Amino acid sequence: MKMWMMAAILICGVSLVGCGNKKAKEEPKETQVENTPVEVKVPDAVACAATVEDYLVNVIGKNYAEAEHCIPCPMIISTNDVNKDDILMWGDFWVFNYNVAGDTLKTVSGGNHPGLMHLKKTDMGFEVTGFDAVEDGAGNMESAKRIFGDNFDAFWELNSNQEKREDVRLHFIADYVKKHNLPVKMVQDYGWPAVALPE
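This is a predicted model, so every value here is computed, not measured.

We now examine the packing of helix α2 (residues 140-148) against helix α3 (residues 152-159). At a minimum axis distance of 8 Å, the contact between α2 and α3 shows a crossing angle of 130°. In terms of axis orientation, α2 runs oblique to α3. Mapping the contact onto sequence places Met141, Ala144, Lys145 and Phe148 in α2 and Phe152, Phe155 and Trp156 in α3. Residue classes in the contact of α2 with α3 are distributed as 6 nonpolar, no polar and 1 charged.

Okay, structure coming up:
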């Protein structure tokens with residue numbers, strides 16, 4: 001699973017239609033086309049995901065011990081964007097802080113924050129307006145079922161599958177490393193051997 005943050009480019013074509021009036025003897029006038037920049041539109045789903053990542057880094061990530069790099073890992077379960085004033089995004093949201101040591105990212109801190117993000121569309125894009133987090137401790141399962149509702153089975157399948165979660169995390173890290181041109185090939189959690197990042 002790869003995180004794709006590519007913009008969709010909307011190209012508008014201009015069609016010139018000639019008039020079939022035989023009585024018209026006027027020479028066709030030259031049509032001048034202004035050089036206007038091509039409009040680049042980012043799909044709402046991509047923009048929402050980027051907003052959630054920013055929230056994980058700048059709000060949730062700040063609660064952990066600081067490091068050189070904060071890498072979000074939002075595993076989106078489902079999205080409901082019918083109401084642009086309250087876009088709902090259910091997910092198993094992770095965030096990790098790392099320091100670079102040679103060719104390895106070493107985990108400093110981080111954790112898991114499953115729940116429901118509330119977003120709103122604004123003139124500037126999107127913003128997170130609230131976060132319903134699954135409770136820790138005794139109320140964990142009950143709150144997860146309440147928050148995820150019909151999406152609970154999909155959430156639980158992902159959350160309880162450590163191998164799948166780790167694969168997703170490694171791909172998020174690899175994408176981050178490429179995007180920021182880091183000289184890194186491995187990632188290492190405290191007390192565990194270093195693991196090679198996917199190509």
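The rest of the description comes next.
On to the confidence of the model for the protein chain, then. On average, residues of the protein chain score 83 in pLDDT, and 78% of them reach the 70 mark or higher. The least confident element of the protein chain is strand β1 (residues 8-9), whose mean pLDDT is 32; the most confident is strand β7 (residues 186-188), at 97. Throughout residues 1-42 the model reports pLDDT below 50, and contacts reaching past four residues in sequence, or to other chains, amount to 27 contacts.

All right, on to the nonpolar core then. Core analysis: the largest hydrophobic core is formed by 19 residues, its most contacted members being Tyr98, Leu105, Ile173, Val177, Val187 and Leu197. Within the residue set of this core, elements represented by two or more residues are β3 (69-80), β4 (87-101) and α4 (162-179). For this core, the element with the most residues is α4, which contributes 7 residues. Ranked by size, the runner-up nonpolar core spans 16 residues in total, among them Cys48, Tyr55, Ile87 and Leu119.

Where charged atoms from two side chains of opposite charge come close, those side chains can pair. Evaluation of the coordinates by the stated rule reveals 5 salt bridges. Here Lys121 makes a salt bridge to Asp44, at a shortest N to O gap of 3.5 Å. Of this pair, Lys121 sits in strand β5 (residues 104-122) while Asp44 sits in helix α1 (residues 44-60), and the two are 77 residues apart along the sequence. Its relative accessible area of 38% is what places Lys121 among the partly exposed residues. Judged by its relative accessible area of 25%, Asp44 falls in the partly exposed class. As a salt-bridge pair, Arg169 and Glu166 come within 2.9 Å of each other at their nearest N and O atoms. Of this pair, Arg169 and Glu166 both sit in helix α4, 3 residues apart, which is roughly one turn of that helix. Owing to a relative accessible area of 28%, Glu166 belongs among the partly exposed residues under this scheme. What you see here is one network of salt bridges that share partners, running through Asp44, Asp81, Lys84 and Lys121.

Cut-off values and rules
Residues numbered from 1 in each chain as written. Predicted model: local features only at pLDDT ≥ 70, side-chain atom pairs only at ≥ 80, totals over all residues. Heavy atoms only, no water. Axes fitted to C-alpha atoms, helices over the stretch in contact; angles between N-to-C directions. Helix = DSSP H or I, 4+ residues; strand = E, 2+ residues; numbered from the N terminus. Parallel < 35°, antiparallel > 145°, perpendicular 65-115°, else oblique. Contact = heavy atoms within 4.5 Å. Nonpolar A, V, L, I, M, F, W, Y, C, P; charged D, E, K, R; others polar. pLDDT = per-residue confidence, 0-100. Core = buried A, V, L, I, M, F, W, Y, C linked by side-chain atoms within 4.5 Å. Buried < 20%, exposed > 50% of the residue type's maximum accessible area, 1.4 Å probe, protein only. Salt bridge = Lys/Arg side-chain N within 4 Å of Asp/Glu carboxyl O.

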